[in-house]
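# Per-entry structural report
Each chain, letter by letter, is given below.
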Amino acid sequence: FCIDSTLMGLPFYIFGYICKKYSIFDYLKQVPIILWILFGILYYVLCMKNGSVAMHTGNAGNHLFLFYFNAILGSFILIDITHLLPSFYSWLQWIGKNTLSILLIHIYFVLICKAIYQFIFHLDLTQIPLWLSLITTVLVMSGCMVCITSYERIISHKKKQNYA
């Protein structure tokens, strides 16, 4: 990582802080489901218009405004879905608690998925369809979850040392 990807991500932290401080997420619970469906369609169309995004390389797609707008809209949609599905909410809470660990190891799983797509299935990685991106995300998150939970088990079984 470098300073440009850090600067790209900084508005997300600021936005999350503002949303929490002013309880914006509580207002989102009052939005009707039909409006969320329309937001989802808008999100999909704008993502297709913006093109490929890769924060680790500083690529915000074709339009910087669309990059941030889609990120915020996608976050709101995801948060609203979590209120509809309580079991999904607990999964997202786990991700929230382990964000740093996920950020540290997720790129290795992305590289593994890319290698599989490129060398086994001979796919052109510049034109990955949305469904394949979703599968990749699930695979990457599953790998991260297995590593983190295994590491937690190893840590929790360590005996305390006395330095007396």
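Criteria and thresholds
Residues numbered from 1 in each chain as written. Predicted model: local features only at pLDDT ≥ 70, side-chain atom pairs only at ≥ 80, totals over all residues. Heavy atoms only, no water. Helix = DSSP H or I, 4+ residues; strand = E, 2+ residues; numbered from the N terminus. Buried < 20%, exposed > 50% of the residue type's maximum accessible area, 1.4 Å probe, protein only. Contact = heavy atoms within 4.5 Å. Areas by Shrake-Rupley, 256 points an atom, 1.4 Å probe, with all protein chains shown as cover. Phe/Tyr/Trp six-rings, centres within 6.5 Å; stacked < 30°, edge-to-face > 60°. Axes fitted to C-alpha atoms, helices over the stretch in contact; angles between N-to-C directions. Parallel < 35°, antiparallel > 145°, perpendicular 65-115°, else oblique. Left-handed = near helix turned anticlockwise from the far one by under 90°. Nonpolar A, V, L, I, M, F, W, Y, C, P; charged D, E, K, R; others polar. Expected span 1.5 Å × (residues − 1). Arc of directions from axis to C-beta.

### Some details on the overall build of the chain
When helices and strands are counted, the chain shows seven helices and zero strands. The N-to-C order of helical and strand elements in the chain reads α-α-α-α-α-α-α. Counting across all 164 residues of the chain, residues that qualify as buried make up 21%. Within the chain, contacts between residues separated by at least 24 positions form 61% of all contacts whose residues are at least 6 apart in sequence. Counting every atom, the chain has about 12,200 Å² of accessible surface; 71% of that belongs to carbon and sulfur.

### Things to note about the packing of aromatic side chains
Throughout the structure, instances matching the rule amount to seven aromatic pairs. Ring centres 5.5 Å apart and planes at 45 degrees place the aromatic pair Phe12 and Tyr68 in the tilted group. Remark: Tyr68 occurs in helix α4 (residues 64–84) and Phe12 occurs in helix α1 (residues 3–21); sequence separation between them is 56 residues. What makes Phe12 partly exposed here is its relative accessible area of 26%. For the pair Trp36 and Phe39, a centre-to-centre distance of 5.4 Å together with 80 degrees between the ring planes defines the contact as edge-to-face. Note that Trp36 and Phe39 are positioned in helix α3 (residues 33–50) at a spacing of three residues, about one turn of the helix. You can call Trp36 buried: its relative accessible area is 7%. Clustering of aromatic rings is evident, with ring pairs tying together Phe12, Phe67 and Tyr68.

### Re the packing of α1 against α4
Where α1 meets α4, the axes come as close as 11 Å, and the angle between the chain directions of the two elements is 40 degrees. Classified by the interaxial angle, the pair formed by α1 and α4 is oblique. With respect to the hand of their crossing, α1 and α4 are arranged in right-handed fashion. Along the contact surface, α1 presents Leu7, Met8, Pro11, Phe12, Phe15 and Cys19, while α4 presents Phe67, Tyr68, Ala71, Ile72 and Phe76. For the contact of α1 with α4, a count of residues per class yields 11 nonpolar, no polar and no charged.

### Regarding α3
Under the 1.5 Å per step criterion, the end-to-end length of α3 is 25 Å for 18 residues, consistent within 8% with the ideal 26 Å. Every buried residue of α3 is accounted for by Trp36, Leu46 and Asn50. An end-on view of α3 places all buried positions within 85 degrees of arc, on one side of the element. For α3, exposure combined with an orientation more than 90 degrees from the buried face picks out Ile33 and Ile34.

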